[in-house]
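The chain contents come next:
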Amino acid sequence: MTFFGRDAFQLVLLRRMSDFQPELADEARRRLGASLADQREANKRWQAMVRSPRSRGALARYRSVLGAPESSERRTIGDLECEALLWPVSLWPDLRFEVLAAPDGAVWNEWLVRAPGAPGPVLESPEDLRPWSATVDEVARAFAPVRPMEGTAPTRWRLAFAGRGGPYVAEFTYGLLQRVSSGGSDGADRPA
């Protein structure tokens, strides 16, 4: 794999997701036609790009790897103005990789979101939360009020919420649901 493009980038996403859902990640990697060695190489190259002293900013890196965004719009979040850029990802056709960038190009957030116009999942109970079925925003809306919790890595998020049967914690990687745990705030009791 010499060219680093969208497929290689998706292998990087899968590398982090495999910590939670190795079977789903392996199946998705095979759909991309990539080997484990390809995935390791993609992750190595991505990390080298991120850590390079001559590295371009994160937004320029995403543009060079993913190409021109499918869409870009100005967005106001509280008192802050940003640009929301969306790129398609072939593994998840109903999702887009979203980057929120400050006016100076600094990246504030990067994750998977539902594609504009794509129907989201019906989320009525914690049992509806299946791996890779929902995004952070969808779970937050469906089970409001939620309490954001610190993730276990920079690309991970956790939401605590109450549902039928008690407290739950939903864990996400790159904004995509990986597992749901019940019974406590540590998120370790009942994997989905």
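In this text, all values refer to a predicted model and were calculated from it rather than measured experimentally.

Reading the values: the criteria
- Residues numbered from 1 in each chain as written.
- Predicted model: local features only at pLDDT ≥ 70, side-chain atom pairs only at ≥ 80, totals over all residues.
- Heavy atoms only, no water.
- Pairing = 2+ DSSP bridges.
- Helix = DSSP H or I, 4+ residues; strand = E, 2+ residues; numbered from the N terminus.
- Phe/Tyr/Trp six-rings, centres within 6.5 Å; stacked < 30°, edge-to-face > 60°.
- Buried < 20%, exposed > 50% of the residue type's maximum accessible area, 1.4 Å probe, protein only.

Chemist: Please give an account of the pairing of strand 2 (residues 80–88) that cites residues and values.
Modeler: Across 7 bridges, the pairing between strand 1 (residues 71–77) and strand 2 is antiparallel. Paired with arginine 75 across the strands is cysteine 82, a residue of strand 2. Linking strand 1 to strand 2, which pair antiparallel, is a turn of 2 residues; within it glycine 78 sits at a positive phi near 65°. Relative to strand 3 (residues 95–101), strand 2 is paired through 6 bridges, and the arrangement is antiparallel. What sits directly across from leucine 85, in strand 3, is valine 99.

Chemist: Give me the packing of aromatic side chains: which residues, what numbers.
Modeler: For the coordinates displayed, the defined rule picks out 12 aromatic pairs. Seen in terms of ring centroids, phenylalanine 97 and tyrosine 174 are 6.4 Å apart; in terms of plane orientation they differ by 55°. Their pairing is tilted. Placement of the pair is phenylalanine 97 in strand 3 and tyrosine 174 in the loop between strand 7 (166–173) and strand 8 (176–182), with a sequence separation of 77 residues. Just as phenylalanine 97 is buried, tyrosine 174 falls in that class too.

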